[in-house]
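For reference, the chains in residue letters:
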Amino acid sequence: TFYGCSSLRSIVIPKTITSIQENAFGRCTSLNRIELPDSIDMINDNVFGDCISLKEISIPNSVKSIGCYAFGGTSLKKVTIPESVKKICPHAFSLCYSLEEINIPSDLTEISSFCFSKCKSLKNIEIPKSVKIIQNNAFEYCSSLECIQIHDYTNLIDPSAFNHCQSLEIVKLL
């Protein structure tokens, strides 16, 4: 793997690759450009975790699963999770302090624990009506979060799902 290669700035993954091994590019602190092909079907645990220079990513429509801490600790500003993604593991985007916008796929049924924990720049979130469960601490310490839109199809919101969201003013039940 390339774990901890602090000088690595750019990655182009060839179309012959279908998944990237756990920790493959974690803590590559200068990494700011990644090209992922449509052949990738899974982004494993901690693949890009703590890549603090990573500000944008285009997740291919072929990806079905995003692993634990896959993008945790990055500087992503906006994330569009494609409709193909059916599972987002715990901590997948935690500690993304610069994350301002998330587009959650309309078929996702669960938001995992700590999934978006400490995304301090996130102001608004719309939970799609497909989401049935929001697990513990999913959005904890999202200190700029002002508005949440949740559809009434959500069956379970863990009591700690939105802990310490001190800016939260509006919860819209749709």
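Let us look at the structure shown here. (Residues numbered from 1 in each chain as written. Predicted model: local features only at pLDDT ≥ 70, side-chain atom pairs only at ≥ 80, totals over all residues. Heavy atoms only, no water.)

**Side note on the overall build of the chain**
We count it as follows: Secondary structure elements follow DSSP: runs of H or I of four or more residues count as helices, runs of E of two or more count as strands, with numbering from the N terminus. Just to be clear, the radius of gyration here is over C-alpha atoms, and the globule rule we use is 2.2 Å times residues to the power 0.38. Buried, partly exposed and exposed residues are distinguished by accessible area as a fraction of the type maximum, computed with a 1.4 Å probe on protein chains only: under 20%, between the cut-offs, and over 50%, respectively. Any two residues having at least one pair of non-hydrogen atoms within 4.5 Å are treated as being in contact. For accessible areas, the Shrake-Rupley method is used with a probe of radius 1.4 Å. Any residue's cover is judged against the shown protein chains and nothing else. The convention is simple: Lys and Arg are positive, Asp and Glu are negative, and His and the chain ends are not counted. We put the charge of a Lys on NZ, of an Arg on CZ, of an Asp on CG and of a Glu on CD.
On a plain count of helices and strands, the chain comes out with zero helices and 14 strands. Listing the helices and strands of the chain from first to last along the sequence gives β-β-β-β-β-β-β-β-β-β-β-β-β-β. Against the 2.2 N^0.38 benchmark of 16 Å for 174 residues, the chain shows a C-alpha radius of gyration of 16 Å, consistent with a compact globule. Taken along the three principal axes of its C-alpha coordinates, the chain extends 45 × 25 × 20 Å. A burial count over the chain gives 47% of its 174 residues as buried. When contacts within the chain are restricted to residue pairs at least 6 apart in sequence, those whose partners lie at least 24 apart make up 24%. As presented, the chain carries roughly 8400 Å² of accessible surface, and 48% of it is formed by carbon and sulfur atoms. Here the chain contributes 16 positively and 18 negatively charged side chains, and the mean placements of these two sets differ by 5 Å.

**Notes on the sheet that holds strand β7 (residues 87-88)**
Basically, it comes down to this: A pair of strands counts as paired when DSSP detects no fewer than two bridges linking them.
Taken in spatial order, the four strands make up an open sheet running β2-β4-β5-β7, and their pairing is parallel. Among the strands making up the open sheet, the edge pair consists of β2 (19-20) and β7. In the sheet, strand β4 (residues 42-43) pairs with strand β5 (residues 65-66) via two bridges, with the strands oriented parallel. Along β5, the bridge assignment pairs Met 42 with Ser 65.

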